[in-house]
Each structure stands twice: as structure tokens, then as C-alpha cells.
Amino acid sequence: MSASSSSTSSSPAVRRRYAIVGLGSRHELYQDAIEVAHAAHAELVAICDVNPGRIEVARQRSRRNGAALPRAYIAPEFEALLREQRPDIVIVTTSDASHHDYLIRAMEAGCDVITEKPMTTEADTCRRILETQARTGRRCRVTFNYRYSPPRSQVKDILMSGEIGDVLSVDFHWLLNTHHGADYFRRWHAQKRNSGGLFVHKATHHFDLVNWWLGAQPVSVMATGKREFYTPAMAKRLGLSGPHERCHTCPEQAKCGFFLDLAGTAKLKSLYLDHETHDGYWRDRCVFRPEIDIEDTMNALVSYNTGATLSYSLNAFNAWEGYTVAFNGTKGRLEHSIVESVYVNGTETVQGGVAEDGVKIRVIPLRGGGYDLQPWSAAGDHGGGDRLMLEDIFLPERPADKYLRSADERAGAQSILVGIAANRSLQTGA
Ligand SMILES: NC(=O)c1ccc[n+]([C@@H]2O[C@H](COP(=O)([O-])OP(=O)(O)OC[C@H]3O[C@@H](n4cnc5c(N)ncnc54)[C@H](O)[C@@H]3O)[C@@H](O)[C@H]2O)c1
């Protein structure tokens, strides 16, 4: 470890040494934070990916950011990266099923780690991360950016205030539209071995929100799930002769409402299409192809150690994107909903952006009339949550956070284990 290493604090004069592994669209947030917004406290010393093309794109990004070029390592050289660059912190933004491998190796080498959600996809790899963290004492942080979005912090604030009393049950329904929702069926997410399915990959955000909102631990899960929309049969019902292999070469591009134009979208072309010869990663596989094995319609019933219960659903082919959540408490009910704007990963659209007047927060006491609250707001991705989270990660001196939004490996585990248990429930029927 470098002399600047510290897991709890650092002097503003010292720039902490970061490495990023996984250089797809999500990593850009962290690279820019290190090289631009937080360059006074942070430096990017190394980058790593399986794809040499995306490594070069990330180096070009450093040039544009006016930063020193990070040293580049191809994935099998990760041990050399750790040995030669001695990062203080490794940020893991690879596809989900490979997170654990980098987290464990980095902690073993004495680094703190920051991982994108989901922390991992399986119970066994989750246990290994927890064991490694406990043995090495390194800090493991899971970037649950949804916690930082102002309306979701506001919900936490209302629940903490005791306004609706003790929460006995929660109804939570998340809708993905056929832009963002369809995108999970185009690439690596569409196989459970890569993503854990949407119960893990996507719902980790939602289960974490409930765990954090309630300050409770999940204890049991029952689930159902199916895929009935992103199927070969649906392609036929929509008047296509397919499914076909991918959008880029699809003979029915003009007729298909799910066509993704990799060649015609500059960002998608430069990040994915231009580099697929290296690794065969097609960003635009047909959403109706038969080999998809994740669900598009899911329901779960979760019980918590506080006695609260959660009724949850996730649907990936909806007419609008966002969610409704209601907390039923001993003194009243809290209703909250968000309608999100259209987003496609890897394009210039804003992720988790909120539609005009898209946020509603209403409290209805058991006696007396209900009232609407003015939603807290901030600009940027995930309703302003990403910027606040980056400040929490990168600023050396941070005020105490009464909402406890920074998430560690235990929060990472508790959210994915709900999804992993839900997947098991789908398999066993129990
Ligand atoms: N918090 C959020 O809101 C949010 C949003 C988007 C993505 N994410 C998460 O970020 C991660 C990356 O997602 P993305 O959309 O950028 O995906 P992506 O496919 O665009 O990028 C993944 C990158 O990792 C590289 N990679 C894959 N396997 C690797 C391995 N074994 N070793 C090294 N490099 C490897 C790929 O070549 C690619 O460059 C995922 O875990 C995803 O869940 C989180």
C-alpha cells in the first residue's frame, strides 16, 4: 500500500490513489469524478478491462479530462496492477458476476474497495467477500446511489420522524419501460450466470432501499417470476418474422420498435461496436432471442426482523418507468411515487432522470386529512443522487450523515440475498 493509504480519513493535501477495473459506460462516472470534480483529493493511477479497445477509450477520456494518463492493464494483469501501482482503492465496475473476484483480490492486496451494485450474484461469492473483508479489515463500499436521491432521502427522513408510526407493511411496485427495461435483454444481463437475473441485478437497488428505509433486516422470501414478453413468440405477435441475431444486421430494423442503432449512436459505437472484435461483446442482441434465461415479470413477499412485510413487484415491459411505494404504519400511511424519463445505458440520456412533476410524496394520518409534501430535489443522474454519492465517496472531510447513506458489504449482502433467495424460490417453488 502507498504511504497515503487510510481506510477512514485522508488529508486534503494527499491525493488518494484509485484504480478502476471495468471500463464500460458506468465507470465513466467514477473516472470523471476522480479526474475532474475531485482531482484535488484523488488520482486515477491505473485502469483495467478485458477489452483493449475500451482501455484506449478510457485513456482518451483521461486526455480530455486533462489528467495524467493512468497505467493500462489487461484483465489477466490485474495482480501486476496491484503490485506495481499500489492503489489505495480499487473501484469495480465490471459486469456483475466478476465483481467478487476483483473485490477479493484487491482486499487481499491491502486495498479498500468500492463496488457497483450488485455486490455479487451468488450466495457463495457473497460469503467469500464477507469473509475476506472481515479477515483483511479493508473497507468495502457498495454504491447504492438510489439512497442519495433527494426524494428517497426525504422518505427516509419522514419514516425516521415517526410521522406514520411503526411500519407494519410495504407495497412496492417498480416498472421498467420498453426502452430501459428492454436493454437488460440485449446483453450480458440476459443470462442469470452473468447478472443473477433482474431479482439480483436490478432489484438489489429496491431491496436495499427497503432495508435502509425500514432500518430492518430481511428474514424470509417467497417469489414468483416468468418471462412472457421478451420471447420468440412475442416477436411473432408483434408482426416480426424473427427473432434475429442482433439489431446491427437485422433485416427487420425498420419495423421493429426495439431496434437499437449502435452504428448510428456515436457513444454506443465508440464504446461497444468499434471494439467487439476483441471480445465478441454484442451490445444489441435481439431482445426476443430464445436463449434469454431471466424473468421479465417478478413478484416477491419478504418478511423483516421488525415484523414488517414487503409486497414487491418488478415488471420490465411497461408503458412508463418508475415506481409506487406505500408504507402502512401504526399512525398513518406514506405514499410515494416517481415517474422517470426515458433512459438507455451508454447514450446521452440521463439515468434515473425524473419526469416533469414526476415525484409525489403524500402522508395520510389514520385520523384527519392527508397532505402532499414538496419533494426534495437536485439535478443530475438518478435524480441528483449520483453527485451527492460521489461527494460522499471522494471528499476527504464529510459531515456526519444522519441518514447513514454510505453502504458497506453487509448492506450489499442483505440486498442481494433477498434476490438470491427469490431466485431460489422460483426454482424450488417454496
Ligand atoms: N448504480 C447504477 O445505477 C448502475 C448503473 C449502470 C450500471 N451499474 C453497474 O455497473 C457495472 C457495469 O455496468 P455497465 O453498464 O457499465 O456495463 P458495460 O458492459 O458497459 O461495462 C462493463 C465493462 O466491464 C468489462 N468487463 C467485463 N468482464 C470483465 C472482467 N472479468 N474483467 C475485466 N473487465 C471486464 C467489459 O469489457 C466492459 O468494459 C454493473 O455491475 C452494473 O450493475 C450500476
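Criteria and thresholds
- Each chain carries its own residue numbering, running from 1 in the written order of its sequence.
- Whole-chain, interface and lining totals are the exception, using all residues; otherwise, since this is a predicted model, local features are given only for residues with pLDDT of at least 70 and side-chain atom pairs are given and counted only at 80 or more.
- Each side-chain value is derived from all of the structure's non-hydrogen atoms; neither hydrogens nor water enter the calculation.
- Any two strands between which DSSP finds at least two bridges are classified as paired.
- Only runs of H or I of at least four residues qualify as helices and only runs of E of at least two qualify as strands under DSSP, and these elements are numbered from the N terminus.
- By definition in these notes, contact holds between two residues if any of their heavy atoms fall within 4.5 Å.
- The angle between two axes is taken between their N-to-C directions and runs from 0 to 180 degrees, where each axis is a line fitted to C-alpha atoms and a helix contributes only its stretch in contact.
- pLDDT measures how confident the predictor is about each residue, on a scale from 0 to 100.
- The term salt bridge refers to a side-chain nitrogen of Lys or Arg lying within 4 Å of a carboxyl oxygen of Asp or Glu.
- Buried residues are those whose accessible area, probed at 1.4 Å on protein chains only, stays under 20% of the maximum for their type, while exposed residues exceed 50% and partly exposed ones sit between those limits.
- Here the bounds of each domain stem from an automatic or database domain assignment.
- Here the nonpolar core consists of buried residues drawn from Ala, Val, Leu, Ile, Met, Phe, Trp, Tyr and Cys, with membership extended through side-chain atoms lying within 4.5 Å.
- To estimate the expected span of a helix, subtract one from its residue number and multiply by 1.5 Å.
- Here a residue is near a molecule or strand as soon as one of its heavy atoms is found within 4 Å of it.
- Polar contacts here mean pairs of N or O atoms no more than 3.5 Å apart (in protein, one a potential hydrogen donor and the other a potential acceptor; neighbouring residues in sequence count only if both atoms are side-chain atoms).
- Residue-level accessible areas treat just the shown protein chains as cover; the underlying method is Shrake-Rupley with a 1.4 Å probe.
- The classification used treats Ala, Val, Leu, Ile, Met, Phe, Trp, Tyr, Cys and Pro as nonpolar, Asp, Glu, Lys and Arg as charged, and all other residues, Gly among them, as polar.
- Each Phe, Tyr or Trp ring (for Trp, its six-membered ring) is paired with any other whose centre lies within 6.5 Å, and the angle between the two planes then decides the class: stacked below 30 degrees, edge-to-face above 60, tilted in between.

1. Observations concerning the sheet that holds strand β9 (residues 297-304)
Phase 1: Pairing is mixed in the open sheet, where eight strands are placed in the order β8-β9-β10-β7-β11-β12-β13-β14. The open sheet terminates on both sides in strands that have one partner only, identified here as β8 (218-226) and β14 (371-372).
Phase 2: This element, helix α6 (residues 150-161), spans β7 (167-177), β11 (321-329), β12 (332-340) and β13 (354-365) of the sheet and lies at about 175° to β12.
Phase 3: Together, β7, β8, β9, β10 (309-318) and β11 form the strand contacts of helix α10 (residues 203-214), whose direction differs from that of β7 by roughly 155°.

2. Describing the confidence of the model for the protein
If pLDDT is low for a region, its predicted coordinates should not be looked at in detail.
Phase 1: When the pLDDT values of the protein are averaged, the result is 94; 94% of them are 70 or greater.
Phase 2: Between residues 1-12, whose pLDDT stays under 50, and residues either more than four places distant or in other chains, the model counts 29 contacts.

3. Some words on the pattern of salt bridges
Phase 1: Summed over all chains, the structure comprises 33 salt bridges.
Phase 2: Between K192 and E295 there is a salt bridge, with its nearest N and O atoms 2.8 Å apart. Placement of the pair is K192 in helix α8 (residues 192-195) and E295 in the loop between α13 (276-279) and β9, with a sequence separation of 103 residues.
Phase 3: R246 is the salt-bridge partner of E276, the closest N and O atoms lying 2.7 Å from each other. With E276 in helix α13 and R246 in the loop between α11 (232-237) and α12 (266-271), this residue pair connects regions lying 30 residues apart in the sequence.
Phase 4: Given a relative accessible area of 14%, E276 falls into the buried group.
Phase 5: Using a relative accessible area of 4% as the deciding quantity, one classes R246 as buried.

4. Examining the domain arrangement of the protein
Phase 1: Partitioning the protein into domains gives domain 1 (16-142), domain 2 (146-230 + 292-385 + 406-428) and domain 3 (232-279).
Phase 2: Distance from the C-alpha centre of domain 2 to the C-alpha centre of domain 3: 29 Å.

5. Here we look at the nonpolar core
Taken as a class, soluble globular proteins show a tendency for nonpolar side chains to be buried jointly.
Phase 1: Core analysis: the largest hydrophobic core is formed by 58 residues, its most contacted members being F172, W213 and F327.
Phase 2: No other element matches α10, which puts seven residues into this core.
Phase 3: Taken together, domain 2 (146-230 + 292-385 + 406-428) and domain 3 (232-279) each give at least three residues to this core, which thus spans both.
Phase 4: Beyond its immediate sequence surroundings of up to four residues, F327 is in contact with V155, L159, I164, V167, S169, V170, W213, L214, G332, R333 and L334.
Phase 5: Membership of the second largest hydrophobic core comes to 33 residues, among which are V45, Y102, A123 and A413.

6. Some thoughts on α10
Phase 1: Taking 1.5 Å of rise per residue, the twelve residues of α10 would be expected to cover 16 Å, and the 16 Å separating its terminal C-alpha atoms lies within 8% of that figure.
Phase 2: A large share of α10 lies buried, amounting to twelve of its twelve residues.
Phase 3: For α10, the complete set of buried residues consists of A203, T204, H205, H206, F207, D208, L209, V210, N211, W212, W213 and L214.
Phase 4: Phi turns positive, to about 60°, at G215, one or two residues after α10.

7. Focus on helix α1 (residues 27-37)
Phase 1: Counted residue by residue, α1 has eight buried out of eleven residues, so it is predominantly covered.
Phase 2: Taken as a whole, α1 has its buried residues at H27, E28, L29, Y30, Q31, A33, I34 and E35.
Phase 3: Residues of α1 that are buried sit in contact with β1 (16-21), β2 (42-49), α2 (52-64), β4 (89-92), α12 and α14 (385-394).

8. Re the site of the ligand
Phase 1: In the vicinity of the ligand there are 29 residues, among which D49, R54, D96, Y102 and Y272 approach most closely.
Phase 2: Between the ligand and R26 there is a distance of 2.8 Å, counted from an oxygen atom to a backbone nitrogen or oxygen.
Phase 3: One of the backbone nitrogen or oxygen atoms of V50 is found 3.3 Å away from a nitrogen atom of the ligand.
Phase 4: Considering the ligand on its own, with 840 Å² of exposed area, one finds that the protein chains cover 92% of that surface.
Phase 5: Looking at the shell around the ligand, its residues break down into eight nonpolar, 14 polar and seven charged.

9. Quick notes on the packing of aromatic side chains
Phase 1: Inspection of every chain in the model, using the stated rule, returns 19 aromatic pairs.
Phase 2: A ring pair is formed by F172 and W213, whose centres lie 5.9 Å apart and whose planes are at 55°; its orientation type is tilted. Within this pair, whereas F172 is found in strand β7, its partner W213 is found in helix α10, the two being separated by 41 residues in sequence. There is no split in this pair, since F172 and W213 are both buried.
Phase 3: Pairing F229 with Y230 gives two aromatic rings, centres 5.0 Å apart and planes at 80°, and the pair type is edge-to-face. A single burial state applies to F229 and to Y230, both of which are buried.
Phase 4: Grouped by ring-pair contacts, the aromatic residues Y146, F172, W174, F199, F207, W213, Y312, Y323 and F327 constitute a single cluster.

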